[in-house]
Amino acid sequence: MNTQRNATLTVDGKNIDLPVYSGSIGPEVIDIRQLYAKTGMFTFDPGFMSTAACKSAITYIDGDAGVLLYRGYPIEQLAQNCDFLEVAFLILKGELPNAREKEEFDTIIKRHTMVHEQLIRFYSGFRRDAHPMAVLVGVVGALSAFYHDAMDISDEYHRTVSAHRLIAKLPNIVAMAYKYGRGEPFMYPRNDLSYTANFMRMMFGNPCEDYVPNPVLVRALDRILILHADHEQNASTSTVRLAGSSGANPFACISAGIACLWGPAHGGANEACLQMLEEIGDVSRVGEYIKRAKDKNDSFKLMGFGHRVYKNFDPRAKLMRETCHEVLNELGLHDDRLFKLAVALEKIALEDDYFVSKKLYPNVDFYSGIVQRALGIPTQLFTGIFALARTVGWIAQWNEMISDPEQKIGRPRQLFTGAEQRNVPPMDKR
Ligand code: CMC
């Protein structure tokens, strides 16, 4: 962080100098840490519209230019040239693996895929129709019970092993959530398959017959994982950081991230988007829904549209649209009703003044639901797939935070609007 100049804030006629830091790219920041000491005032930014909550070297987004970089590499290049575990290695370690490192990393992850047999029994505590995200919050949180005593978060090796465990076990845990809901036997991982092919086999295979993953579909799912692997300081990542800032167990922190991701304004949007497309049902009804989305008195929003940071286009949405074509072609579903509907909805919204003026564009979730549905993934599991992918980003961000010698517990303050101090009246006077 370079300090090149100060910003001067005038409060009640008094000038306060605050240092300005520049990163490698992106907006500079004003360091307000001394603001309270100097003025007795806090800043107020409830949705973090103008707040950099940390410094980070992992992911960079330029929302106006539609740029997303993991460790400096454009998402388009990573999606074209790498598999998910290479991207995971990059996000965790800062550099792409060479051939030897890739082989080593793939082997390490494969050797951690099984879960403790006792954890398998944990699933029986859930209703069989439980939402998979409820299961994931519980089961991933429960991992902390298995690794708590042996875990020293101040030890870099322990943090690395935790990252490997999480990345390796999440596909197994997500697939088990799916199998449990269907009443099918859990499938053990198989080490001769790639990360994503293995996940698909654990999802769609059964012990009675062999499941041979289709390489085009494996590649499509792998791309979904790459596109969702990290996204800077979004709500769930900030949740993981805040939970972790107290020194909590990383498995518990990731469970907190999963809980946050579940919401429809965040990771739950892919599920909500597909439900919305089903509800619209036909191109002839698009106008009616666009009208509702624009109506201030209607809470309906066009799911899969809009983003806090991307105000021009979401580069992930472009790649996802491309993947959508590939998957539908591979499966002979070119005439897929929902895909046609999505394309029509996108076109109409992109030409509409309301969406243009508010800079609302399709986000990654707009097309990912259609791809996942075509892959055979049930709608309720979409956000679980997102959680599987984002676990890489969460644990890398958590590790970056814990490794920072300046790290402090996250403790925001508030603008208090409640009652001033008063005395408790006796019962007969209340
Ligand atoms: N449909 C209709 N109007 C919208 C939409 C939408 N999808 N998104 C935003 N607006 C309007 C919003 O009502 C507001 O209008 P006004 O200025 O009149 O009050 C204006 O656009 C600005 O929106 P905002 O809600 O203040 O923006 P935000 O940055 O707080 O929210 C968002 C961003 C993604 C939560 C929001 O756009 C949204 O709810 N979109 C639908 C859900 C969705 O697709 N979420 C997935 C995000 S990408 C995946 C991920 O990273 O999790």
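Owing to the predicted nature of the structure, the values given are computational and were not obtained by experimental measurement.

> Give a description of the packing of aromatic side chains that names residues and reports values.
One pass over the full model with this rule turns up 15 aromatic pairs. Taking 5.1 Å as the distance between ring centres and 85° as the angle between the ring planes, the aromatic pair formed by Phe-366 and Tyr-367 counts as edge-to-face. Like Phe-366, the residue Tyr-367 is buried in the burial classification. A cation over an aromatic ring shows up here: Lys-318 above the ring of Phe-313, its NZ or CZ 4.3 Å from the ring centre.

> Give a description of the pattern of salt bridges that names residues and reports values.
Tallied over the full model, the rule gives 26 salt bridges. For Asp-129, the salt bridge goes to Arg-127, with nearest N and O atoms at 2.8 Å. What makes Asp-129 partly exposed here is its relative accessible area of 48%. Owing to a relative accessible area of 61%, Arg-127 belongs among the exposed residues under this scheme. When salt bridges with common partners are traced through the structure, they connect Asp-83, Glu-86, Lys-102 and Asp-106 into a single cluster.

> Describe in detail the site of the ligand, supporting the description with residues and values.
The environment of the ligand is made up of 20 residues, and the closest members are His-266, Lys-296, Leu-302, Gly-304 and Arg-308. Taking Lys-296, its side chain carries an N or O atom lying 2.7 Å from an oxygen atom of the ligand. Within the side chain of Tyr-354, an N or O atom sits 3.0 Å from a nitrogen atom of the ligand. Its residues assigned to classes, the shell around the ligand shows nine nonpolar, six polar and five charged.

> Explain the packing of helix H10 (residues 235–244) against helix H11 (residues 250–261) residue by residue, including any values.
Two elements in contact, H10 and H11, have axes separated by 8 Å at closest approach and are oriented at 150°. Classed by the angle they form, the pair H10 and H11 counts as roughly antiparallel. The element H10 and its partner H11 pack so that their crossing is right-handed. Across the interface between the two elements, Ala-235, Ser-236, Thr-239, Val-240, Ala-243 and Gly-244 from H10 touch Cys-253, Ile-254, Ala-256, Gly-257, Cys-260 and Leu-261 from H11. Grouping the amino acids of the contact of H10 with H11 by side-chain chemistry returns eight nonpolar, four polar and no charged.

> Can you lay out the packing of helix H7 (residues 156–182) against helix H8 (residues 195–204) for me, pointing to particular residues and giving the numbers?
Orientation of H7 relative to H8, taken along the N-to-C sense of each, is 20°, at an axis distance of 8 Å. Here H7 is positioned roughly parallel relative to H8, judged by the angle of their axes. Seen along the crossing, H7 lies across H8 with a hand that is right-handed. For the pair H7 and H8, the contacting residues are Ile-167, Pro-171, Asn-172, Val-174, Ala-175, Tyr-178 and Lys-179 in the first and Tyr-195, Phe-199, Met-202, Met-203 and Phe-204 in the second.

> So what's going on with the side chain of Glu-346? Which residues, and what values?
Relative to the helices and strands, Glu-346 resides in helix H15 (residues 337–350). Not counting chain neighbours up to four residues away, the residues in contact with Glu-346 comprise Phe-305, Arg-321, Pro-362, Phe-366 and Tyr-367.

> Lay out the environment of Asp-83 in plain terms, naming residues and giving numbers.
Position of Asp-83 relative to the elements: it lies in the loop between helix H2 (75–81) and helix H3 (84–93). Accessibility expressed as a relative area gives 23% for Asp-83, which makes it partly exposed. Measuring from C-alpha to C-alpha, the distance between Asp-83 and Ile-226 comes to 7.5 Å, with 143 residues separating the pair along the chain. Residues contacting Asp-83, with those up to four places away along its chain left out, are Lys-102, Arg-219, Asp-222 and Ile-226. A distance of 3.2 Å separates the side chain of Asp-83 from the backbone nitrogen of Leu-85, its partner in a polar contact.

> An account of the domain arrangement of the chain is needed here, citing residue identities and associated values.
Parsing the chain into structural domains produces domain 1 (2–52) and domain 2 (81–406). Centre-to-centre, using C-alpha coordinates, domain 1 lies 35 Å away from domain 2.

> Tell me about helix H18 (residues 382–403), and name the residues and values.
Between its first and last C-alpha atoms H18 spans 32 Å; for 22 residues at 1.5 Å apiece the expected length is 32 Å, and the two agree. Its maximal kink placed at Arg-390, H18 deviates by approximately 40°.

> Residue-level account of H11, with values.
When the terminal C-alpha atoms of H11 are compared, their 16 Å separation across twelve residues agrees well with the 16 Å that a helix rising 1.5 Å per residue should span. Along H11, the residues classified as buried are Pro-250, Phe-251, Cys-253, Ile-254, Ser-255, Gly-257, Ile-258 and Leu-261. Where H11 is buried, its residues touch helix H6 (132–147), H7, H10 and H18.

> I'd like a description of the side chain of Asp-230, backed by residues and values.
By secondary structure assignment, the location of Asp-230 is in the loop between helix H9 (215–227) and H10. There is a polar contact of 2.5 Å between the side chain of Asp-230 and the side chain of Thr-59. Setting aside anything within four residues of it in sequence, one finds Asp-230 in contact with Ile-58, Thr-59, Tyr-70, Ile-91, Thr-237, Arg-390, Gly-393 and Gln-397.

Analysis parameters
Along every chain, residues carry numbers that run from 1 in the direction the sequence is written. Totals for whole chains, interfaces and linings use every residue, but because this is a predicted model, local features are given only for residues with pLDDT of at least 70 and side-chain atom pairs only at 80 or more, for both listing and counting. Working from all heavy atoms in the structure, the side-chain values ignore hydrogens and water. For Phe, Tyr and Trp, rings pair up if their centres lie within 6.5 Å, where Trp contributes its six-membered ring, and each pair is then called stacked (planes under 30 degrees apart), edge-to-face (over 60) or tilted (otherwise). Three exposure classes are used, based on accessible area relative to the maximum for each residue type with a 1.4 Å probe and protein chains only: buried under 20%, partly exposed in between, and exposed over 50%. Only Lys NZ and Arg CZ are tested; either one counts as a charge over a ring when it is within 6 Å of the ring centre and within 35 degrees of the ring normal. The salt bridge definition used is simple: a Lys or Arg side-chain nitrogen within 4 Å of an Asp or Glu carboxyl oxygen. Nearness is defined per residue: one heavy atom within 4 Å of the molecule or strand is enough. Polar contact is defined as a pair of N or O atoms within 3.5 Å, subject to the rule that within protein one atom must be able to donate a hydrogen and the other to accept it, and that residues adjacent in sequence are counted only when both atoms are side-chain atoms. Residues were grouped as follows: Ala, Val, Leu, Ile, Met, Phe, Trp, Tyr, Cys and Pro as nonpolar; Asp, Glu, Lys and Arg as charged; and all remaining residues, including Gly, as polar. For helices, the fitted line uses only the C-alpha atoms of the stretch in contact; every axis is such a line through C-alpha atoms, and the angle between N-to-C directions lies from 0 to 180 degrees. Secondary structure is summarised from DSSP: a helix means a run of H or I of at least four residues, a strand means a run of E of at least two, and numbering begins at the N terminus for each. Each angle gets one of four labels, with under 35 degrees taken as roughly parallel, over 145 as roughly antiparallel, 65 to 115 as roughly perpendicular, and the rest as oblique. Working rule for handedness: look at the near helix, and if it is turned counterclockwise from the far one by less than a right angle, call the crossing left-handed; if clockwise, right-handed. We call two residues in contact whenever any of their non-hydrogen atoms come within 4.5 Å of each other. Annotation comment: domain bounds sourced from an automatic or database domain assignment. Given the number of residues in a helix, its expected span is that number minus one, multiplied by 1.5 Å. In this scheme, the bend at a residue equals the angle between the axes fitted to the seven residues that finish there and the seven that begin there.

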